[in-house]
Amino acid sequence: MTTEEIIKAHYADYDEDARLRSKHGMVEFVTTMRYVDKYLKSGDRVLEIGAATGRYSHAIARKGYSVDAVELSEHNIEIFKQNTADGENVRIRQGNAIDLSFIEDNSYDLTLLLGPMYHLFTVEEQRKALIETLRVTKCGGKIFVAYCGNDATAVQFLFGKHMTKVDPYDKLVDTETFKLNSIPQEIICLHRKEDIDVLMSGLNAERLHFVGTDMLTQYMREAVDEMDEEEYALYLKYVQVTCERQDLVGFSNHLLDISVKKDGV
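Below, the structure is looked at part by part.

Conventions used here
Residues numbered from 1 in each chain as written. Predicted model: local features only at pLDDT ≥ 70, side-chain atom pairs only at ≥ 80, totals over all residues. Heavy atoms only, no water. Buried < 20%, exposed > 50% of the residue type's maximum accessible area, 1.4 Å probe, protein only. Helix = DSSP H or I, 4+ residues; strand = E, 2+ residues; numbered from the N terminus. Pairing = 2+ DSSP bridges. Salt bridge = Lys/Arg side-chain N within 4 Å of Asp/Glu carboxyl O. Disulfide = S-S within 2.5 Å.

A word on the pairing of strand β4 (residues 108-113). Along β4, six of the six residues are buried, which leaves the element largely enclosed by surrounding structure. Across five bridges, the pairing between β4 and strand β5 (residues 137-149) is parallel. From the neighbouring strand, L112 faces β5, where its bridge partner is F144.

In structure tokens form, the structure reads like this:
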């Protein structure tokens, strides 16, 4: 199977909506939307690349913004359409993050790339997705790019589940640096901040924020799900206070790189 076929097959059986509805899953959503709200302004056009079932696209459209969405998986597109409420100014079409040739240059004020970098397994593909994201964004527009964290996976999966001697995971870890190699069959591509810095180097963008959107939530997901509303609100506040602390961000399961497109091509 090709990488694209593997990803489509994965999402045909995966309940993305349920992940984001749980208390622990909502932490990533709440944190990301806090930054989206920080930069959205009246009249902005928004593009979400790799929109999945539309959790972010629909939330933004329901705030009164015009949203276009691109998604690879036919299964996710059908759910996206089912989730669309009356009056939402939102459109979705099938497409691949590495080729947005159907979208004109400098079209959007805010562009979200919140899923594709999880599933692009070569530097060439990852750079293409970033270049396309910048191309379709207006100068001065904001781009939000999400990644899955290397070290959260090392701690929770490799060591937490005792997988260091299990094939094929024993072959996917560099035991000197503990950088994990990513292959399509494992679905998720993993990054550290230094990997992201290399990917962004030379691109026409300036970083505004580097955020851990769920921070240590996945390490204590059962405890988070058991919180009452008062404690959960306090926990969300804690995450917002700490999510840009660079001494902690590397252990977040999900990372968010927010940049502004500079003038020029």
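Applying the stated rule across the entire model yields 18 salt bridges. Across the salt bridge formed by R207 and D257, the nearest N and O atoms sit 2.5 Å from each other. With R207 in strand β7 (residues 205-212) and D257 in strand β8 (residues 254-261), this pair connects stretches of sequence that are 50 residues apart. Ionic pairing is found between R245 and D247, a salt bridge with its closest N-O pair at 2.7 Å. You can call D247 exposed: its relative accessible area is 53%. One salt-bridge network, in which partners are shared between bridges, spans K193, D197, R207 and D257.

Let's shift gears to the state of the cysteines. This model, assessed by the stated rule, comprises zero disulfides. The cysteine C243 is free of any disulfide, with C148 supplying the nearest cysteine sulfur at 17 Å.

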